[in-house]
Every structure is written in structure tokens, then in C-alpha cells.
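Listed below, chain by chain, are the residues.
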Amino acid sequence: MTETRSTEGATSSVAPPPAGNWGRWGAEDERGALNLIEPEGVRTAAHEVRTGRTYSLALPIARGNQPAFDFRGSPQRLTLVSQTDAMYDGFEGGGDVGSNEDVLIIPSHNLTHMDALCHVQAKGRFYNGFPADTFRSHTGAGRCGIDKLGAFATRAVLLDLPRHFDTPHLEGGYRITAADLAGCAERQGVEVRSGDALLVRTGYLDEYRAIEASGREPSFAQPGLSLDAVDYVRAREISVVGADNSAIECIPFDDRFLSVHIALLVESGVPLLEHLWLTDLAEGMAQAGTYSCLLCVSPLPVTGATGSPINPVAIV
């Protein structure tokens, strides 16, 4: 049994998942598998850089023509102040000087983003056994919010499954297994180490863009990790998992709703990076002859937030 403490200070004992990380870094831990990233590992990761080329893994933040679930809404850029506004009349410089400012409305789980450990609950618990009922509509998560994760840098390994299987993209609904990941890593000649970030390219975003350009309706089904692949993540002590699809896991879901989210976020404390643009990175890595790089990720430190838009940067 592991002892957990809510924001109100009440203590409760719950059984940790048999293969998870509850209690591994203490009863108060809210960073999960990011604890696997140590300073020495970050220093070593810097030596992965071979070409010095930098790749943004973020999708453009714009209305429409981007993969998004309708209930989350589209991002919006609204003008707060314009250089044409009369408010500048009388200012020094007159009509020759002005400024423009925006208001950004961005759903935290659309486009390229990072899931906090409070994003999903199972049986009334977040990661490390924290009670899920500590979440409040106005103040957000009392435990495991995105602000508890912070910015990080680590060695990352990209597994390019379409290149491995010699196909433009994996088919919708394809369930990626541990054997698929291991086989791809072996073929690419790359080793996945403790504390690494695992980036999985499925080709979904490439297919999505092609379908949108043709005027057709994208399928709901997406390739992604199966429950079987969770064993690969746990066995190699991976600190964070990212992919170019909408949920990391396959859609339709394997076994039950959000099963891989539960296994990674709730049970293992592994944060997820979703809707990563990995195509340019994959091409650059293939040209450089390497599938490991330095990855830098910085979520917005929004107190109690369940996730955050990110602009991850990979340096090859």
C-alpha cells in the first residue's frame, strides 16, 4: 500500500498498480517519470548533437485545417490593440507610431501539446494515488498539474515506423506493439536508454494533410500505441512519450477507453506529447545517419492546468 495526501491534507492508503511507479519517488511526487532525467543524462544528451540543425515539432497555431476534436474548439488569435486605434492619438510621434497586441485563446489539448499527469483519472485517482476529486473547475488540479512538471531537456529517440515498414503511413486503427518498436529500433541501429524521450512517428499527420488537401473527410481511426507497447516503455524506463497522432494510443482504443493513457499517465507517471510534427525531423535524422537527438520541451506553467501547448525543439 502507498500513502497519498490530498490538497486538503487528508491521508489515504490505496493499492498502487502492479507495474506502475506509484511511490517510487515518494508519496508526494508529482513529476512521475520525468524524475528519470538526471543532470548527467542531460549533459550526455548534449553530445548527441551532430549537425546542429534545429527542428520545431509544433503544428501551426491557426483556425481550421488542423487535426482537432470539435468539442475542444479551434485556437483563436484576437486583436487586443491595433496601430490603427484612435487610442494612440495625442501620443508622442502622432500617427507615425503605433503598436499591435493579441489575445490568444488556445485549447490546452488541441494541436501540439503536453498532457499533465492530472489529465486522466482512473478509479478516482491521478498518478501516485492522488484523489481525482481535488480537481476544481476554477482553480484546476490541486495535484499533478502541468505546472508541477516544468521544462526539461533529455536525449530523445525517434522511431520512424512508416520508414521501417516501407509505407507512407500506418493505417488508421493500427495497434503498434512492443515488437514493432523493438524491431524499428534495431533496424535503425539506435538504443533506447533510461530517461530517454520516445518519439513515435506513425505518418498520421502526413495522411491527414493529404486527405484535407483532397477535400475528403479524415477518418476517426488513427494508428498508435497498443497496451502491449506500454511494456516496452516501462521496461526501458522511458521518461516521456510523444507521437504525431492525436492520443499517442491507437483509435479505436485498445481494450477500453483511454487504456494507454491510464497505463502511462495514471499508473506510470509518463507525460505525453501529442500532435508532434515529426516528418521533417525524421528526414533530417535519416540524412544525418542518427535517430537520437537532444529534445527540449517547455510547457506553459499554468497553475493546475491539465495540459499545455508546447513548441518542442529537437536538435540533431
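Residues numbered from 1 in each chain as written. Predicted model: local features only at pLDDT ≥ 70, side-chain atom pairs only at ≥ 80, totals over all residues. Heavy atoms only, no water.

K.L.:
Just to check I follow, could you spell out helix H4 (residues 204-214) for this structure?
P.N.:
An α-helical segment advances 3.6 residues per turn. Residues three or four places apart therefore align on the same side. Taken as a whole, H4 has its buried residues at Tyr204, Leu205, Glu207, Tyr208 and Ile211. Seen from one end, H4 has its buried residues packed into an arc of 155°, which puts them on one side. (Buried < 20%, exposed > 50% of the residue type's maximum accessible area, 1.4 Å probe, protein only. Helix = DSSP H or I, 4+ residues; strand = E, 2+ residues; numbered from the N terminus. Arc of directions from axis to C-beta.)

K.L.:
What exactly am I supposed to notice about the environment of Pro131 here?
P.N.:
Examined against the element boundaries, Pro131 turns out to sit in the loop between strand E6 (113-115) and strand E7 (152-160). With 11 residues separating them in the primary sequence, Pro131 and Gly142 have C-alpha atoms 9.4 Å apart.

K.L.:
What's the story with the domain arrangement of the protein in this structure? I'm lost.
P.N.:
How big an interface is tends to be expressed through the accessible area that disappears when the partners come together. By the assigned domains, the protein splits into domain 1 (33-68 + 107-315) and domain 2 (70-105). Each of domain 1 and domain 2 was reduced to a C-alpha centroid, and the two centroids are 34 Å apart. Between domain 1 and domain 2, the residue contacts involve 10 residues of the former and eight residues of the latter. Between domain 1 and domain 2, the buried area comes to about 720 Å², and carbon and sulfur atoms account for 51% of it. Scanning the region where domain 1 abuts domain 2 turns up zero salt bridges. Counting every contact that joins domain 1 to domain 2 gives zero residue pairs in polar contact (both at pLDDT 80 or more). A per-class count over the side of domain 1 that touches domain 2 returns five nonpolar, four polar and one charged. (Domains from an automatic or database assignment. Contact = heavy atoms within 4.5 Å. Buried area = accessible area lost by both parts, 1.4 Å probe. Salt bridge = Lys/Arg side-chain N within 4 Å of Asp/Glu carboxyl O. Polar contact = N/O pair within 3.5 Å; in protein donor to acceptor, adjacent residues only side chain to side chain. Nonpolar A, V, L, I, M, F, W, Y, C, P; charged D, E, K, R; others polar.)

K.L.:
I'm lost on the packing of aromatic side chains in this one. Help?
P.N.:
The relative placement of two aromatic rings is captured by the distance of their centres and the angle of their planes. In total, this model carries three aromatic pairs according to the counting rule given. With 6.3 Å between their ring centres and 65° between their planes, Phe165 and Tyr174 make a pair best called edge-to-face. Given a relative accessible area of 34%, Phe165 falls into the partly exposed group. An angle of 90° between the planes, with centres 5.3 Å apart, marks the rings of Phe253 and Phe257 as edge-to-face. A relative accessible area of 22% means that Phe253 is categorised as partly exposed. Judged by its relative accessible area of 61%, Phe257 falls in the exposed class. (Phe/Tyr/Trp six-rings, centres within 6.5 Å; stacked < 30°, edge-to-face > 60°.)

K.L.:
It is not clear to me how the environment of Ala282 should be interpreted in this structure. Could you clarify?
P.N.:
By the secondary structure assignment, Ala282 is in helix H7 (residues 279-288). Residue Ala282 is classed as buried on the basis of its relative accessible area, which comes to 1%. Between the C-alpha atoms of Ala282 and Arg72, which are 210 residues apart in sequence, the distance is 29 Å. If we ignore the near neighbours within four places in the chain, the residues touching Ala282 are Leu158, Asp160, Arg163 and Arg201.

K.L.:
What's the story with the nonpolar core in this structure? I'm lost.
P.N.:
Most often, soluble globular proteins keep nonpolar side chains buried together rather than apart. In terms of nonpolar packing, the biggest core is built from 73 residues, with Leu181 and Leu281 touching the most fellow members. If you tally residues by element for this core, the top one is helix H6 (residues 259-268), at six residues. Apart from the residues lying within four places of it in its own chain, the contact partners of Leu281 are Tyr55, Leu57, Leu158, Leu199, Ala314 and Val316. Membership of the second largest hydrophobic core comes to six residues, among which are Tyr204, Leu205, Tyr208 and Trp277. (Core = buried A, V, L, I, M, F, W, Y, C linked by side-chain atoms within 4.5 Å.)

K.L.:
For this particular structure, what's the right way to read the sheet that holds strand E3 (residues 54-56)?
P.N.:
Pairing is mixed in the open sheet, where nine strands are placed in the order E3-E15-E13-E7-E9-E11-E12-E6-E14. Of all strands in the sheet, those with a lone pairing partner are E3 and strand E14 (307-309), marking the two edges. In this sheet, neighbouring strand axes are inclined to one another by 25° on average, regardless of whether the strands run parallel or antiparallel. Both strand E13 (residues 292-297) and strand E15 (residues 313-315) contribute to a ladder of three bridges, which runs antiparallel. Bridging from a neighbouring strand, Leu294 pairs with Ile315 of E15. Each of E7 and strand E9 (197-201) touches helix H3 (residues 178-188); the most contacted strand, E7, lies at about 95° to it. Here H6 sits on the sheet and contacts E6, strand E11 (240-243) and strand E12 (272-274); the angle it forms with E12, its principal contact strand, is near 135°. (Pairing = 2+ DSSP bridges. Axes fitted to C-alpha atoms, helices over the stretch in contact; angles between N-to-C directions.)

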